[in-house]
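Fold and geometry: a report
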Amino acid sequence: MSTPYSSVWPFSGRVSELAAIRSAERGIVVAGPPGAGKSRLVAEAVNGQADARQPAWVRATEAAAELPLGAFAPLLPEEPPEGNPLGWAAAAITAPLLVVDDAHLLDSASAALLHHLVTHRRTTVVATVRTQTDAPDAVRALWKDDLLPRLDLGPLTETETGELLARALGGSVDPAATARMWRVSGGNALYVRELVLSGAMERAGEVWRWRGTWSMTPSLRDTIASRIGRVTGDEREVLEFLAYGEPLGADLLARLSAEEAVERLEDRQLVAVEQDGRRLRVRLAHPLYGEVIRSGCGVLRSRAR
Ligand SMILES: Nc1ncnc2c1ncn2[C@@H]1O[C@H](COP(=O)(O)OP(=O)(O)OP(=O)(O)O)[C@@H](O)[C@H]1O
Ligand SMILES: [Mg+2]
């Protein structure tokens, strides 16, 4: 037996999505939950293309959003505009292909610029946005007003998860291990990668198998904790009850803790409520949340209500 892992993490699958991005003439918005593989997919689609349109990249971040046009700053001239800043900025964007990663994080001036570039067909725009997060109106207008098509990146299927594992590990993978990985990761590419790095797979002869025990690495814990984000005291209580005893009846959970907390967690897609006959049952929205919460270490950060 040997411990995984090869250092390169090859790209796998997403064939129709690559084709959709490459053939989108005006551009496209790739939407999906955190870790679905949006940034990697777009990078794969625009890099190394035969027609070699050199893309300009904009990576929106919370820090850049504190300044108007902050995300676009690397593409703009240093001298300040004389007249209308939108026209000045638009004139400076000359690349035929513009990639805007995490467009939901753009400040409102950058979002207006992006909208302007699309409506005036100044450049082909490939943008990514996270679902489950608010985006500026001018960004949402891109797909709501049919300016660009929106491609929703779903979870990897079990087959795709198996292909990804086989490529990344460089060998054949026990189908039971693929099934397990798919269930635990929920088909989320980031979680698959982090689970492999956490030692969830081990080599037995020619085949990679699921390892019964694996350690939650700091990187996996941080990834999941940042997805969970900050929680109030009563939300934390609900998550902890579920981590140790899911699924729980909604009535029981409401008696044990605060009903509004369950509703807030459902709105944030941290818990899922499902109908079971005449009862409602509540579970954690992702199997890995339970692992993280049970592993403790204060990963659930507090926030005021
Ligand atoms: N098709 C794929 N093949 C191989 N690895 C992938 C694939 N898609 C994503 N990954 C890997 O999964 C991880 C998460 O992907 P990525 O960063 O693209 O997610 P994201 O949707 O952009 O997440 P975020 O919302 O946090 O920006 C990365 O390490 C990436 O290399
Ligand atoms: Mg990304």
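The model shown is predicted, which means the values in this text are computed figures rather than measured ones.

Definitions and cut-offs
- Position numbers for residues start from 1 in each chain and track the written sequence from start to end.
- Chain letters start at A and ligand numbers start at 1, both assigned in the order the entries are written.
- Reporting of local features is limited, given that this is a predicted model, to residues whose pLDDT is at least 70; pairs of side-chain atoms are given and counted only at 80 or more, and all residues count toward the totals for whole chains, interfaces and linings.
- Excluding hydrogens and water, the side-chain values take into account all heavy atoms of the structure.
- The salt bridge definition used is simple: a Lys or Arg side-chain nitrogen within 4 Å of an Asp or Glu carboxyl oxygen.
- To qualify as a helix, a DSSP run of H or I must reach at least 4 residues; to qualify as a strand, a run of E must reach at least 2; elements of each kind are numbered from the N terminus.
- Exposure categories follow from relative accessible area, calculated using a 1.4 Å probe and restricted to protein chains: below 20% of the type maximum is buried, above 50% is exposed, and the middle band is partly exposed.
- What fixes the domain bounds is an automatic or database domain assignment.
- Two strands are counted as paired when DSSP detects at least two bridges linking them.
- Throughout, a residue-residue contact means that at least one pair of heavy atoms, one from each residue, lies within 4.5 Å.
- Only the contacting stretch of a helix is used when fitting its axis, a line to C-alpha atoms as for every element, and angles between N-to-C directions run 0 to 180 degrees.
- Charged residues are defined here as Lys and Arg on the positive side and Asp and Glu on the negative side; His and the ends of the chain fall outside this count.
- Here a polar contact is recorded for every N or O atom pair within 3.5 Å, except that within protein the pair must consist of a potential hydrogen donor and a potential acceptor, and residues adjacent in sequence are included only if both atoms are side-chain atoms.
- Patch membership needs two things, relative accessible area over 30% and no salt bridge, and members are linked within 9 Å if like-charged or within 5 Å if nonpolar (Val, Leu, Ile, Met, Phe, Trp, Tyr).
- Per-residue and other accessible areas were derived by the Shrake-Rupley procedure at a 1.4 Å probe size, with only the shown protein chains allowed to occlude residues.
- For this purpose, a charge sits on NZ of Lys, CZ of Arg, CG of Asp or CD of Glu.

Observations regarding the pattern of salt bridges
Evaluated as defined, the whole model comprises 13 salt bridges. Close ionic contact of Glu291 with Arg294 constitutes a salt bridge, the shortest N to O distance being 4.0 Å. Pair noted here: Glu291 and Arg294 are both in helix α13 (residues 287–294), with a separation of three residues, about one helical turn. Judged by relative accessible area, Glu291 falls into the partly exposed class, the value being 31%. The exposure class assigned to Arg294 is partly exposed, which follows from its relative accessible area of 38%. Through salt bridges with shared partners, a single ionic network connects Asp234, Glu235, Arg264 and Arg268.

Side note on the domain arrangement of the protein
Looking at the assigned domains, one finds that the protein contains domain 1 (15–152), domain 2 (158–215) and domain 3 (230–302). The gap between the C-alpha centroids of domain 1 and domain 2 is 33 Å.

Observations concerning the sheet that holds strand β8 (residues 207–210)
The mixed open sheet is built from three strands, whose spatial order is β6-β8-β7. Looking at the sheet topology across the chains shown, the edges are occupied by β6 (172–173) and β7 (201–204). As defined by bridge partners, β6 adjoins β8 across two bridges and the pair is classed as parallel. Considered in β8, the bridge of Ser172 is made with Val207. Where helix α7 (residues 175–185) meets the sheet, it contacts β6, β7 and β8, and its direction lies at approximately 45° from that of β8.

Points about the side chain of Asp107
Relative to the helices and strands, Asp107 is located in the loop between β3 (97–101) and α4 (108–119). No salt bridge is formed by the buried Asp107. Its closest oppositely charged neighbour is Arg59, at 15 Å. At 3.0 Å, the side chain of Asp107 forms a polar contact with the backbone nitrogen of Ala109. Of the polar contacts made by the side chain of Asp107, one reaches the side chain of Ser110; its length is 2.5 Å. The residues contacting Asp107, other than those within four sequence positions of it, are Ala64, Ala65, Leu67, Pro68, Leu69, Gly70 and Ala71.

Overview of a nonpolar patch on the surface
A cluster of nonpolar side chains, contributed by Phe241, Leu252 and Leu256, occupies part of the molecular surface with about 230 Å² of accessible area. Within the fold, Leu252 resides in helix α11 (residues 250–256).

Some words on unusual backbone geometry
A negative phi angle characterises most non-glycine residues, just as the trans form characterises most peptide bonds. Backbone torsion omega between Glu246 and Pro247 reads -5°, so that peptide bond is classified as cis. Among the secondary structure elements, Pro247 is positioned in the loop between α10 (233–245) and β10 (248–249). The residue Arg14 is not glycine, and still its phi comes out positive at about 55°. Relative to the assigned elements, Arg14 resides in the segment before α1 (15–22). The backbone phi angle of Asp146 is positive, close to 60°, even though this residue is not glycine. The topology assignment puts Asp146 in the loop between α5 (137–144) and β5 (150–152). Relative accessible area serves as the criterion here: at 67%, Asp146 is assigned to the exposed category.

Quick word on a negative patch on the surface
Residues Asp251, Glu259, Glu260, Glu263, Glu266 and Asp267 make up a contiguous surface patch of negative charge. Broken down by element, the residue count for the negative patch peaks at five residues, all from helix α12 (residues 259–267). With respect to the secondary-structure elements, Asp267 resides in helix α12.

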